[in-house]
Amino acid sequence: MMDDRDWASFKQKLKAKTEIDLDLYKEAQMKRRVEGYVRKKGFDSSAQYFDSIVNSKADFDAFIEHLTINVSEFFRNSDKFLQLEKEVIPYLLERSPKLNIWSAGCSIGAEPYSLAMILKEVTPGKQHRILATDLDIEILAKAKRGVYLPNEIQSMTKERVVRYFTQNTDGTYAVQNEIKRLIEFKRHNLLKDRFESGFDLILCRNVVIYFTEEAKFDLYTNFFKALKPGGILFVGGTESVINCRQIGYTTYKPFFYQRPLE
Ligand SMILES: C[S@@+](CC[C@H](N)C(=O)[O-])C[C@H]1O[C@@H](n2cnc3c(N)ncnc32)[C@H](O)[C@@H]1O
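Residues numbered from 1 in each chain as written. Predicted model: local features only at pLDDT ≥ 70, side-chain atom pairs only at ≥ 80, totals over all residues.

Notes on the pairing of strand β7 (residues 199-204)
- Along β7, six of the six residues are buried, which leaves the element largely enclosed by surrounding structure.
- Note that strand β1 (residues 100-104) and β7 share three bridges and pair parallel. Residue pairing across strands places S103 opposite L203, the latter belonging to β7.
- Here β7 pairs with strand β8 (residues 227-235) via five bridges, running parallel. Residue pairing for β8: F199 is matched across the bridge by L227. (Buried ≥ 20, exposed ≤ 12 C-beta atoms within 10 Å, placed from the backbone. Helix = DSSP H or I, 4+ residues; strand = E, 2+ residues; numbered from the N terminus. Pairing = 2+ DSSP bridges.)

A word on the sheet that holds strand β4 (residues 165-167)
- Strands sit in the order β3-β5-β4 across an open sheet of three strands; the sheet is antiparallel. Lying at the two open borders of the sheet, with one neighbouring strand each, are β3 (147-148) and β4.
- Bridge count for β4 against strand β5 (residues 173-175) is three bridges, and the pairing is antiparallel. For T166, the partnering residue across the bridge sits in β5 and is A174.

Here's the deal with the nonpolar core
- Among the nonpolar cores identified, the biggest contains 52 residues, and A116, L201, I202, C204, L233 and F234 are the most heavily contacted of them.
- Here this core gets six residues from one element, more than from any other, and that element is helix α6 (residues 110-122).
- Beyond its immediate chain neighbours, meaning those up to four positions away, L233 contacts I202, C204, F223, L227 and Y257.
- With eight residues, the next largest nonpolar core counts F10, L14, V34 and F63 among its residues. (Core = buried A, V, L, I, M, F, W, Y, C linked by C-beta atoms within 7 Å. Contact = placed C-beta atoms within 7 Å.)

Side note on the site of the ligand
- Neighbouring the ligand are 21 residues, the closest being T68, S72, G105, S107 and R205.
- Looking at the shell around the ligand residue by residue, the class counts come to eight nonpolar, eight polar and five charged. (Near = placed C-beta within 6 Å. Nonpolar A, V, L, I, M, F, W, Y, C, P; charged D, E, K, R; others polar.)

Description of unusual backbone geometry
- For S107, which is not a glycine, the phi torsion comes out positive at approximately 50°.
- Mapped onto the elements, S107 comes out in the loop between β1 and α6.
- The exposure class of S107 is buried, given the 25 C-beta atoms found within 10 Å.
- One non-glycine residue with positive phi stands out, namely N206, at about 60°.

So, the pairing of strand β9 (residues 250-253)
- Sheet analysis places β9 next to strand β10 (residues 256-258), joined by three bridges and oriented antiparallel. If you follow T250 over to β10, its bridge partner there is Q258.
- Linking β9 to β10, which pair antiparallel, is a turn of two residues; within it F255 sits at a positive phi near 75°.

A few points about the environment of E111
- Relative to the helices and strands, E111 is located in helix α6.
- The buried category is assigned to E111, around which 27 C-beta atoms lie within 10 Å.
- Spatially, the C-alpha atoms of E111 and R76 are 7.6 Å apart, while their sequence positions differ by 35 residues.
- Discounting residues that sit within four places of it in the chain, E111 has contacts with S72, R76, S103, C106, L203 and R205.

A few points about the domain arrangement of the protein
- When its domains are assigned, the protein resolves into domain 1 (4-68) and domain 2 (78-258).
- Computed over C-alpha atoms only, the centres of domain 1 and domain 2 are separated by 29 Å.
- Sorting the residues of the side of domain 1 that touches domain 2 by element identifies α2 (27-41) and α4 (57-68) as the ones contributing at least two each.
- Among the elements that line the side of domain 1 that touches domain 2, the one with the most residues is α4, at four residues.
- Counted by class, the side of domain 1 that touches domain 2 contains four nonpolar, two polar and five charged residues. (Domains from an automatic or database assignment.)

Written out as structure tokens, the structure reads:
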């Protein structure tokens, strides 16, 4: 078990070396994870574990993977994606024919690819911008590759699978280039890096689960500033922006928050 001094030292060294600030994550969960790792790997102390994180790429990647949890699926919460397609996107298109969209915490790419498919169907032949970012470089590489196992695409309709994927000889499914080229993938830490602005739509779904309340408040405030007036933030199926009014949002629909028009 780590005492407070060990934990403080682990956090401080990690921040100095990797720019990941564990103070912005819920302490109990993070501590449990690190302790679990120390035990599982047979290290004597968190200091020894820290050394292995900074000296071995494999251990560093495993730690980040542990910290970030990459579970995702195409059209996650399909009823909400249907609302996005039938109501929110047409509403946004009335004001901006070329949408600027950010999928923040995009994991394996299922979220931005789902968006690209919707936009292709709703506005055939039109060009939009989809920025997709994540903290985890390994998962971004998978997202960029756009190759999925059958179980990773099972939440999609058969029609969309046939239309947007090519089946490889090994049984995996590759997203077609016409969809891939609509997305710009980039590494970005939501708790540290600068935000772009001028977005019509931001998706940040199932990302903030381990963030502290303060970190969430700051994040949702930064998203507010990153949205155009009239722009919309789309959150996960079990999430809500607690202080939305204080930040300035109005609720467009449940799970969709709007920066009011000026
Ligand atoms: C559970 S996945 C959610 C994926 C997708 N948005 C969805 O709803 O299916 C959470 C993602 O958030 C990313 N993440 C966690 N902390 C982050 C941070 N500080 N900055 C950027 N991305 C982060 C993780 O790497 C992970 O890929």
